[in-house]
Amino acid sequence: MSAPKEAWSSRLGVILAVAGSAVGLGNFLRFPGLAAQYGGGAFMIAYFISLLLIGIPICWTEWTLGRYGGRQGYHSTSGIFHALMKKPWAKYLGVIGFVVPVIIYMYYVYIEAWALGYAVNALVGNLSMEGKDYGAFFGKFTGASSDGVALRFGLRDVGIFVLIVYVLNFFFIYRGISKGIEMVCKYAMPALIFIAIIILARVMTLGTPDPMKPDQNVVNGLAYMWNPGDVAAGLKNPQLWLAAAGQIFFSLSVGFGVIITYASYLRGKDDVVLSGLTATSANEFCEVGLGGLITVPAAFMFLGTAGIVGQGTFGLGFNVLPQVFALMPAGHLFASIFFVLLFIAAVTSSLSMLQPGIAFLEEGLGIERKASVALLGLMTAFGTLFIWYFSKDLKALDTLDFWVGTVMLFVQATILVIIFGWGLGIPRGWEIAHEGAEMRIPNIFKPIIKYITPMYLITIFVMFLLQNVFGWNYSLTDPIFEPTGYTKDLIGDEPNNVARLSVGFIIIVTGFALVFVNIAGKRWTKNPPVPLND
Ligand code: PFF
């Protein structure tokens with residue numbers, strides 16, 4: 001007996017849900033921050049190459065595998081790999097599809113709470129505490145200034161906002177695929193684009209805000225972000241390629257195990273090729289067309305390059321932008337609207353990180369939705385509490401983001417594309433992808449998916465490990481390997497306990513997940529779900 005089948009109620013609904021997952025903090029904070037840091041032109045070249053060689057191919061792979069697994073009655077990455085490969089070890093390959101979204105949720109939702117808290121505090125004019133010090137507000141609100149300070153519940157503390165976002169996320173996820181996620185995204189996505197366009201119009205019409213500084217005008221703001229600069233030199237920097245590829249993953253939500261789960265709730269012959277491409281395009285519009293035109297140009301116009309260089313993603317969004325808005329007419333209002341935008345974008349993304357966990361607990365342990373929501377709520381709350389308490393320098397958050405949000409993610413994405421290109425095989429994969437498809441995937445993507453994407457991924461991943469884990473200086477003649485920040489934290493002379501605890505936490509969650517997969521495997525062999533027959 002299979003559980004009652006859940007499904008998307010419309011084609012537009014699923015596209016909006018996937019686009020909702022993709023459009024998030026990554027579009028409005030992470031992307032502009034990286035593009036400005038690496039110099040617009042060169043970064044954009046690496047970014048678009050990564051979009052073509054990683055983003056779009058893996059997106060199609062995930063949509064196809066997901067719909068295929070859904071037809072066999074499975075919705076989690078483990079279940080789908082099990083159904084596809086029919087080998088006892090296959091389900092274990094899917095474990096990262098549970099661990100990655102669940103752990104990323106734990107910290108992503110914390111930042112979501114900042115966005116909500118900033119929206120409220122901007123409106124009442126609380127962001128500049130005692131005069132002009134925005135950094136002090138940020139430090140205390142997020143807890144970046146010291147451990148434990150953020151665990152408070154006043155209006156100027158993050159506490160209430162964490163509770164609100166938790167209740168919201170779990171309320172909607174409990175309502176299910178069509179009544180929860182799809183319903184939220186149907187309203188949230190148009191609202192988000194509408195708000196972004198208002199803010200964009202405001203920023204683009206600022207002209208030269210300070211006549212004393214004629215260089216800081218809108219044209220130079222855009223030029224700062226978009227002028228190509230020294231493209232050749234930029235492209236020689238391996239770090240730029242890593243950043244561009246990482247941004248493509250993060251922004252499109254591909255490789256996380258999220259899209260595969262979403263696609264598993266499609267009906268048997270629903271199109272995946274055009275839908276996948278549409279969701280991807282929607283994300284790129286919001287990222288390049290909206291996110292890329294707001295944050296950095298605005299910061300430049302008011303604060304010049306000093307406001308941007310070395311600020312990092314969070315600094316730019318939560319520290320610099322409030323100062324920028326404060327200098328605009330009706331600044332409180334615009335600041336608040338901007339953070340509402342971030343908040344809406346984040347909710348549709350965090351919901352998508354919960355569904356793989358819910359699906360896995362339901363079908364793996366054979367428990368009802370209520371129980372799986374409660375169990376996942378408990379697990380993630382524990383993680384968020386950990387990040388919230390050990391907040392100094394955002395150490396726990398940053399460590400989890402590195403090991404899970406980047407290292408594990410690369411592994412998972414590589415597994416996905418290899419399972420499609422080599423496990424399933426391109427001819428069969430192509431056939432499945434095109435069932436009910438409203439457009440054909442150009443044939444050039446056959447060799448791309450089979451050879452180029454995995455090679456590109458593995459090359460970038462090896463470079464990434466060499467640089468960020470082993471600390472290679474890229475010299476062939478005089479190579480030096482020095483522990484980097486992340487490895488030093490774990491094994492250096494002065495290890496960081498929070499970083500160590502964070503890695504311990506990842507290991508424990510993965511351990512639990514492996515036990516769950518083992519239990520699930522027994523269930524699936526004894527009592528497989530009933531395949532759909534449409
Ligand atoms: N794509 C989201 C963003 O750009 O903010 C982040 C994200 C959502 C990553 C969902 C992973 C995920 F599973």
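What comes next concerns the included structure. The model shown is predicted, which means the values in this text are computed figures rather than measured ones.

## Some points on the overall build of the protein
The helix and strand tally for the protein stands at 21 helices and zero strands. In terms of principal-axis extent, the alpha carbons of the protein reach across some 75 × 55 × 55 Å. Counting the 534 residues in the protein, one finds 60% classified as buried. Accessible surface computed for the protein: about 20,200 Å², of which carbon and sulfur atoms make up 67%. Positive and negative charge centroids in the protein, built from 33 and 30 side chains respectively, lie 9 Å apart.

## Some remarks on helix α15 (residues 312–326)
For α15, which comprises 15 residues, the first-to-last C-alpha distance of 20 Å matches the rise-based estimate of 21 Å (1.5 Å per residue) to within 8%. V320 marks the point of greatest bend in α15, at about 40°, and the proline P322 comes within the next four residues. When α15 is considered as a whole, its buried residues turn out to be G315, L316, G317, F318, N319, V320, L321, P322, V324 and F325. Close packing links the buried residues of α15 with α2 (25–38), α6 (96–123), α7 (134–142), α14 (273–303) and α16 (331–365).

## Things to note about the packing of aromatic side chains
Applying the stated criterion across every chain, the model contains 44 aromatic pairs. Relative to F338, the ring of F325 lies with its centre 5.6 Å away and its plane at 40°, an arrangement referred to as tilted. With F325 in helix α15 and F338 in helix α16, the pair connects residues that are 13 residues apart, well separated along the chain. When sorted by exposure, F325 lands in the same class as F338, which is buried. Ring geometry for Y389 and F390: centres 5.0 Å apart, planes at 90°, overall edge-to-face. Of the aromatic side chains, those joined through ring pairs into one cluster are Y110, W114, Y118, F137, F138, F141, F161, F314, F318, F325, F338 and F339. Here the basic side chain of R30 rests over the ring of F250, its NZ or CZ set 4.7 Å away from the ring centre. Above the ring of W422, the side-chain terminus of K450 is found at 4.1 Å from the ring centroid.

## Observations regarding unusual backbone geometry
Non-glycine residue A330 carries a positive phi angle of around 55°. Take A330: it is sitting in the loop between α15 and α16. The phi dihedral of D393 is positive, around 55°, even though this residue is not glycine. Here D393 is to be found in the loop between α17 (369–389) and α18 (395–433).

## With respect to the pattern of salt bridges
This structure, assessed with the given rule, holds ten salt bridges. Note that E182 and K186 form a salt bridge whose closest N and O atoms lie 3.9 Å from each other. Taken together, the residues E182 and K186, both in helix α9 (residues 177–204) and four residues apart, mark about one turn of the helix. Ionic pairing is found between K395 and D489, a salt bridge with its closest N-O pair at 2.8 Å. With K395 in helix α18 and D489 in helix α20 (residues 485–491), this pair connects stretches of sequence that are 94 residues apart.

## Some remarks on the environment of I193
Tracing the chain through its elements places I193 in helix α9. On the basis of relative accessibility, which here comes to 27%, the residue I193 falls in the partly exposed class. Note: C-alpha distance between I193 and A345 (152 residues apart in sequence) is 9.6 Å. Among all residues touching I193, those that are not within four sequence positions of it are F285 and C286.

## Points about the site of the ligand
Lining the immediate surroundings of the ligand are 15 residues, of which A22, G26, Y108, F250 and V258 lie closest. Here an oxygen atom of the ligand and a backbone polar atom of G26 are 2.8 Å apart. A distance of 3.1 Å separates a nitrogen atom of the ligand from a polar atom in the backbone of S251. In the complex, 100% of the free accessible area of the ligand, which totals 340 Å², lies under the protein chains. Counting only elements with at least two residues in the shell around the ligand, the list comes to α1 (11–22), α2, α12 (238–252) and α16. The class makeup of the residues in the shell around the ligand is seven nonpolar, eight polar and no charged.

## So, a nonpolar patch on the surface
Residues I418, W422, Y451, I452, M455, I458 and V462 make up a contiguous nonpolar surface patch of about 660 Å² in total accessible area. Of all the elements in the fold, those that place two or more residues in the nonpolar patch are α18 and α19 (445–469). Take M455: it is sitting in helix α19.

## Observations regarding the packing of α12 against α19
Direction vectors running N to C along α12 and α19 enclose 120°, while the axes themselves pass 10 Å from each other. When the axes of α12 and α19 are compared, the pair comes out oblique. Classified by chirality, the crossing of α19 by α12 is left-handed. Two secondary-structure elements touch here, α12 through P238, Q239, W241, L242, A245 and F249 and α19 through Y456, L457, I460, M463, F464, Q467 and N468. When grouped by side-chain class, the residues that make up the contact of α12 with α19 number ten nonpolar, three polar and no charged.

## As for the nonpolar core
Core analysis: the biggest nonpolar cluster contains 197 residues, and F43, W63 and W114 have the highest contact counts within it. Not counting the four nearest positions on each side in its chain, W63 is found in contact with V14, V18, I259, A263, L266, V272, S275, G276 and A279.

## Let's talk about α2
Compared with an ideal rise of 1.5 Å per residue, which puts 14 residues at 20 Å, α2 spans 19 Å between its outermost C-alpha atoms and is within 8% of the ideal. Where α2 bends most, at F31, the angle is about 30°, and the proline P32 comes one to four residues later. Regarding α2, the residues found buried are L25, G26, N27, F28, L29, F31, P32, G33, L34, A35, A36 and Y38. Among the residues trailing α2, G39 stands out with phi positive, at a value near 80°.

What counts as what
- Residues numbered from 1 in each chain as written.
- Predicted model: local features only at pLDDT ≥ 70, side-chain atom pairs only at ≥ 80, totals over all residues.
- Heavy atoms only, no water.
- Helix = DSSP H or I, 4+ residues; strand = E, 2+ residues; numbered from the N terminus.
- Buried < 20%, exposed > 50% of the residue type's maximum accessible area, 1.4 Å probe, protein only.
- Areas by Shrake-Rupley, 256 points an atom, 1.4 Å probe, with all protein chains shown as cover.
- Lys, Arg positive; Asp, Glu negative; His and termini not counted.
- Charge placed at Lys NZ, Arg CZ, Asp CG, Glu CD.
- Expected span 1.5 Å × (residues − 1).
- Bend = angle between axes of the 7 residues up to and from the residue.
- Contact = heavy atoms within 4.5 Å.
- Phe/Tyr/Trp six-rings, centres within 6.5 Å; stacked < 30°, edge-to-face > 60°.
- Lys NZ or Arg CZ within 6 Å of the ring centre and 35° of its normal.
- Salt bridge = Lys/Arg side-chain N within 4 Å of Asp/Glu carboxyl O.
- Near = heavy atom within 4 Å.
- Polar contact = N/O pair within 3.5 Å; in protein donor to acceptor, adjacent residues only side chain to side chain.
- Nonpolar A, V, L, I, M, F, W, Y, C, P; charged D, E, K, R; others polar.
- Patch = residues over 30% accessible without salt bridge, like charges linked within 9 Å, V, L, I, M, F, W, Y side chains within 5 Å.
- Axes fitted to C-alpha atoms, helices over the stretch in contact; angles between N-to-C directions.
- Parallel < 35°, antiparallel > 145°, perpendicular 65-115°, else oblique.
- Left-handed = near helix turned anticlockwise from the far one by under 90°.
- Core = buried A, V, L, I, M, F, W, Y, C linked by side-chain atoms within 4.5 Å.

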